[in-house]
Amino acid sequence: MSFNRLMGTLDYPMLVVTAAAGGEVAGCLVGFATQASIHPPRFLVCLSDKNRTYRVARDAETLGVHFLAADQAELAELFGGQTGDEVDKLARVAWRPGPGGAPLLEDCGNRFAGRILERVAFGDHVGFLLEPLEVDVAGDFDDFTFHRARRIEPGHEA
């Protein structure tokens, strides 16, 4: 389809989104995300309705949003190349609970935890509109982008 080819030319940042609910934690690599408002600050992340992170996020109060640096390919591979249905990804990384229990990855200094304000179905992905609660800024960095992530064999279909 021409639209998919056009979207494949974009090179946007890849993020790791984490969730906690019902005693479970999960996380996945996300490419569909954007700032959605300046005043008040809002951010939109979209999760595939087929993955475990989405199933945990359905019942979560907050999500962790982590901005990957260009040199964090190993982290992108873990969260994008493995499925939480088979692998406990968060057992393999250092993290701490943030607001609402959302896991905050220690190796991602540019991140925030956001309260889920709305969930909206957009087809095979569900959008989570977030209000930032806790923000950490480690400084400037080069993004780990979609074109680098395309080399990762997905752990789960999108």
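Structure shown above.
Note that the structure is predicted; figures quoted are calculated from it, not measured. (Residues numbered from 1 in each chain as written. Predicted model: local features only at pLDDT ≥ 70, side-chain atom pairs only at ≥ 80, totals over all residues. Heavy atoms only, no water.)

Before we go on, may I ask you to explain the pairing of strand E8 (residues 111-121) in this structure?
Looking down a regular strand, the side chains alternate between one sheet face and the other. Bridge analysis of strand E5 (residues 62-67) against E8 gives five bridges, and the strand direction is antiparallel. Directly across from Val65, in E8, lies its bridge partner Phe112. Where E8 folds back on strand E9 (residues 125-136), the antiparallel hairpin that results is connected by three residues, among which Gly123 adopts a positive phi of roughly 105 degrees. (Pairing = 2+ DSSP bridges. Helix = DSSP H or I, 4+ residues; strand = E, 2+ residues; numbered from the N terminus.)

Sorry if this is basic, but what is going on with the pairing of E5 here?
With respect to burial, E5 is a largely interior element, five of its six residues being buried. Here five bridges tie strand E1 (residues 15-21) to E5, and the two strands are oriented antiparallel to one another. The residue of E5 that forms the bridge with Ala19 is Leu63. (Buried < 20%, exposed > 50% of the residue type's maximum accessible area, 1.4 Å probe, protein only.)

Would you mind going over the packing of aromatic side chains with me for this structure?
The geometry of two aromatic rings is summed up by the distance between their centres and the angle between their planes. Applying the stated criterion to the full structure yields four aromatic pairs. With 6.0 Å between their ring centres and 70 degrees between their planes, Phe43 and Phe67 make a pair best called edge-to-face. Of this pair, Phe43 sits in strand E4 (residues 42-48) while Phe67 sits in strand E5, and the two are 24 residues apart along the sequence. According to the relative accessible area criterion, Phe43 is buried, its value standing at 12%. With 6.4 Å between their ring centres and 70 degrees between their planes, Tyr54 and Phe128 make a pair best called edge-to-face. Here Phe128 lies in strand E9 and Tyr54 lies in helix H2 (residues 52-57), a separation of 74 residues in the sequence. (Phe/Tyr/Trp six-rings, centres within 6.5 Å; stacked < 30°, edge-to-face > 60°.)

Sorry, what's going on with the pattern of salt bridges here?
Where charged atoms from two side chains of opposite charge approach closely, those side chains can pair. Applying the stated criterion to the full structure yields seven salt bridges. The salt bridge partner of Arg52 is Glu24, with a shortest N-O separation of 2.8 Å. Residue Arg52 is found in helix H2, and its partner Glu24 is found in strand E2 (residues 24-30); the two are separated by 28 residues along the sequence. Taking relative accessible area as the criterion, Arg52 reaches 18% and is therefore assigned buried. We classify Glu24 as partly exposed; its relative accessible area is 39%. (Salt bridge = Lys/Arg side-chain N within 4 Å of Asp/Glu carboxyl O.)

How should the sheet that holds E9 be read in this particular structure?
Sheets are built from strands that pair by backbone hydrogen bonding, the pairs being arranged parallel or antiparallel. Within the open sheet, the seven strands sit side by side as E2-E1-E5-E8-E9-E4-E3. Their pairing is antiparallel. Edge positions in the open sheet fall to E2 and strand E3 (33-37), since each of these has one partner strand only. Strand-to-strand twist in this sheet, taken as the mean axis angle between neighbours without regard to direction, amounts to 35 degrees. Where E1 lies against E2, seven bridges are found, and the strand directions are antiparallel. Bridge assignment links Ala20 to a residue of E2, and that residue is Val25. Along the sheet, helix H3 (residues 73-81) contacts E1 and E2; its crossing angle with E2, the most-contacted strand, is approximately 110 degrees. (Axes fitted to C-alpha atoms, helices over the stretch in contact; angles between N-to-C directions. Contact = heavy atoms within 4.5 Å.)

Can you walk me through the nonpolar core in this structure?
Grouped burial of nonpolar side chains is what soluble globular proteins tend to show. Ranked by internal contacts, the top residues of the largest apolar core, which has 21 residues, are Val45, Leu47, Leu63, Val65, Phe128 and Leu130. Of all the elements in the fold, those that place two or more residues in this core are E1, E2, E4, H2, E5, E8 and E9. Take this core: its biggest share by element is four residues, from E1. The residues contacting Val65, other than those within four sequence positions of it, are Leu15, Val16, Phe43, Val45, Asn110, Arg111, Phe112 and Leu130. Listed in part, the twelve residues of the second largest apolar core include Met14, Val16, Ala76 and Leu78. (Core = buried A, V, L, I, M, F, W, Y, C linked by side-chain atoms within 4.5 Å.)

Would you take a moment to explain H3 for this structure?
Helical geometry: 3.6 residues make up each α-helical turn, so side chains three or four residues apart lie on a common side. Buried within H3 we find Leu75, Ala76, Leu78, Phe79, Gly80 and Gly81. Against E1, E2 and strand E7 (103-105) lie the buried residues of H3.

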